[in-house]
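Topology and contacts: notes
Residue-level listing of the chains:
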Amino acid sequence: MSEIGDPFLLVEASLADTLEDLGRVALVVNDPPWSLLEKTLPEPSSVVAAWNMDLAHLETVASGDPEGDVVVGLGGGTAMDTAKFLAWKSGRRLVQIPSITSVDAGFTDAIGVRVDGNVRYVGTVRPEKVVLDLDLVRSAPVHLNRAGVGDIVSCATGLFDWRLASGKGIGHPWDAPLARLGETLLADLAAHRDEIASVSPDGVRFLAQSYRLIGAACAHAGHSRFEEGSEHFWAYAYEWLTGAHPVHGEIIACAVVAMTEIQGNGPERWRDLIAACGVRAHPDDIGIARVDFDRTFSVLKDYVRTQGLDHSIIDEHPLDSRAVEKAWAAVCSLPRKGGTR
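We now turn to the structure provided with this report. (Residues numbered from 1 in each chain as written. Predicted model: local features only at pLDDT ≥ 70, side-chain atom pairs only at ≥ 80, totals over all residues. Heavy atoms only, no water.)

So, on to the packing of aromatic side chains. Counted under the stated rule, the structure contains nine aromatic pairs. Ring geometry for Trp234 and Phe293: centres 5.4 Å apart, planes at 50°, overall tilted. Of the two residues, Trp234 is situated in helix α11 (residues 230-242) and Phe293 in helix α15 (residues 290-306); the sequence distance between them amounts to 59 residues. Relative accessible area serves as the criterion here: at 1%, Trp234 is assigned to the buried category. (Phe/Tyr/Trp six-rings, centres within 6.5 Å; stacked < 30°, edge-to-face > 60°. Helix = DSSP H or I, 4+ residues; strand = E, 2+ residues; numbered from the N terminus. Buried < 20%, exposed > 50% of the residue type's maximum accessible area, 1.4 Å probe, protein only.)

What follows is the structure, encoded as structure tokens:
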């Protein structure tokens, strides 16, 4: 095992061939793409629709004991985490087949659920492999693949917050190899911005390989400080407060710009990188109203305390009207992409 962990096995293969080889499958799906694909694929032993990450709902699904020798996740983050939950509860093999690259859930072992609208991690499970079907991924709406930038550019805010906390002896101590990984991912993201924007095969491969490294590093370290900080905490608070769930990578990219402004951490640099990658992150494009943006900041300090989230700029910087106004101006400087591009 390397000093930053052992990544999941990633193979490039077709969805149809993979399902054929696996045999009796309990298939956990998002729709789309399931309704567009089901007539072209081998029939699974059972199909579970993934749409609700509430822990009580997932327990009910698991109690139904969907048929199949192996659990396969097919779709985005909800399918990946639902498949992880079912495999964890049943002890069955797990294979992940992401149909989009909007989130790193298929490459992490932590099982993310929601309890009373809040994100919780309830266990870990390691897939035997993650299958990358390039044709499948590239057939999705382009904004869903470009959104994968969010869980990489979050290293910018995550590293800042971690350095801030560890410098005061709070929380997880600084880990140089993990920090170097975060810095390398940010540099490589900038180098691949054109490929990501065009959703080329190499752009998709870069996102998947980055997620592999992130997932392995988080599992090995036992935390995600190098890539999850105040930007994720803001997004969690927004979703809890409003009940809305924008595309994960898009709200994280928007929050990175907002929180780097609060941090004084070169927000223009990260805004320009997000824009160059073609990510849809302007608040108007992802449905974030000014009133909800302000409300999120008004509850943010209390939220991170009550949820026991890691120490970050949120705990140290005044989130007054002046700070929030500057953060809003920063996110509104992101280019408009439209609601469906």
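Moving on, we get to the pattern of salt bridges. Should the charged atoms of two oppositely charged side chains come close, the side chains can pair. Inspection of the entire model under this criterion finds 21 salt bridges. Among the salt bridges present, the one from Asp65 reaches Arg92, with a minimum N-O distance of 3.6 Å. Taken together, the positions of Asp65 in the loop between α3 (55-63) and β4 (70-75) and Arg92 in the loop between α4 (77-90) and β5 (93-98) put the pair 27 residues apart, joining distant regions of the chain. Take Arg92: its relative accessible area is 16%, and that puts it in the buried class. With its nearest N and O atoms 2.7 Å apart, the salt bridge here joins Arg295 to Asp292. Highlighted residues: Arg295 and Asp292, both in helix α15, separated by three residues, approximately one helical turn. For Arg295, a relative accessible area of 36% puts it in the partly exposed group. Residues participating in the shared-partner salt-bridge network are Glu12, Asp202 and Arg205. (Salt bridge = Lys/Arg side-chain N within 4 Å of Asp/Glu carboxyl O.)

Read from one edge to the other, the open sheet built from six strands follows the order β1-β8-β5-β4-β2-β3, with strand pairing classed as parallel. The sheet is open, and its two borders are formed by β1 (10-12) and β3 (46-49), each paired with just one other strand. On average, each strand axis in the sheet is inclined to that of its neighbour by 25°, with strand direction left out of account. Pairing analysis gives three bridges linking β1 to strand β8 (residues 129-132), with the strands arranged parallel. (Pairing = 2+ DSSP bridges. Axes fitted to C-alpha atoms, helices over the stretch in contact; angles between N-to-C directions.)

This paragraph deals with helix α12 (residues 248-263). With 16 residues, α12 should cover 22 Å at 1.5 Å per step; its first-to-last C-alpha distance of 22 Å lies within 8% of that length. A large share of α12 lies buried, amounting to 15 of its 16 residues. Residue Gly264 follows α12 closely and has a positive phi angle near 70°. (Expected span 1.5 Å × (residues − 1).)

Tallying each qualifying case throughout the model produces zero disulfides. Not part of a disulfide, Cys218 finds its nearest cysteine sulfur in Cys155, a span of 8.7 Å. In this model Cys332 remains outside any disulfide bridge; the closest cysteine sulfur is found in Cys254, 8.2 Å from its own. Looking at Cys332, the relative accessible area reads 31%, which means it is partly exposed. (Disulfide = S-S within 2.5 Å.)

All right, on to the nonpolar core then. Within the largest apolar cluster, 72 residues are counted, with the highest numbers of intra-cluster contacts made by Val153, Leu189, Phe226, Trp234, Phe293 and Phe297. Considering each element in turn, this core owes the most residues, 10 residues, to α12. For Phe297, the contacting residues outside a window of four places in its chain are Trp234, Met259, Ile262, Leu319, Val324 and Ala327. (Core = buried A, V, L, I, M, F, W, Y, C linked by side-chain atoms within 4.5 Å. Contact = heavy atoms within 4.5 Å.)

What follows concerns helix α13 (residues 267-276). Where α13 is concerned, the buried positions are Pro267, Trp270, Leu273 and Ile274. For α13, the angular spread of the buried residues around the axis is 130°, confining them to a single face. Against α7 (150-166), α8 (176-191), α9 (193-197) and α12 lie the buried residues of α13. The positive-phi residue at the C-terminal boundary of α13 is Gly278, with phi of around 80°. (Arc of directions from axis to C-beta.)

This paragraph deals with the environment of Gly150. Among the secondary structure elements, Gly150 is positioned in helix α7. Taking relative accessible area as the criterion, Gly150 reaches 0% and is therefore assigned buried. Taking the C-alpha atoms as reference points, Gly150 and Trp234, 84 residues apart in sequence, are found 13 Å from one another. With residues up to four places along the chain from it excluded, the contact list for Gly150 reads Gly249, Ile252 and Ala253.

With their axes 9 Å apart at the nearest point, α11 and α15 run at an angle of 110° to one another. Comparing the axis directions of α11 and α15 gives the class roughly perpendicular. Considering the relative orientation of α11 and α15, their crossing is right-handed. Facing Phe233, Trp234, Tyr236, Ala237, Tyr238, Trp240, Leu241 and Thr242 of α11, the residues of α15 in contact are Asp292, Phe293, Arg295, Thr296, Phe297, Val299, Leu300, Tyr303 and Val304. When the residues that make up the contact of α11 with α15 are grouped by side-chain class, the tally is 13 nonpolar, two polar and two charged. (Parallel < 35°, antiparallel > 145°, perpendicular 65-115°, else oblique. Left-handed = near helix turned anticlockwise from the far one by under 90°. Nonpolar A, V, L, I, M, F, W, Y, C, P; charged D, E, K, R; others polar.)

We now examine the pairing of β3. Side chains Ser46 and Val48 project from β3 onto a buried face, and the interleaved Val47 and Ala49 project onto a face without burial. Here four bridges tie strand β2 (residues 25-29) to β3, and the two strands are oriented parallel to one another. For Leu27, the partnering residue across the bridge sits in β3 and is Val47.

Looking now at the pairing of β2. Taking burial as the measure, the five residues of β2 include five buried ones, the bulk of the element. Residues Val25, Leu27 and Val29 of β2 are buried on one face, and the alternating residues Ala26 and Val28, pointing to the opposite face, are buried as well. Strand direction decides the pairing type here: β2 and β4, joined by five bridges, are parallel. Of the residues in β4, the one forming a bridge with Val25 is Val70.

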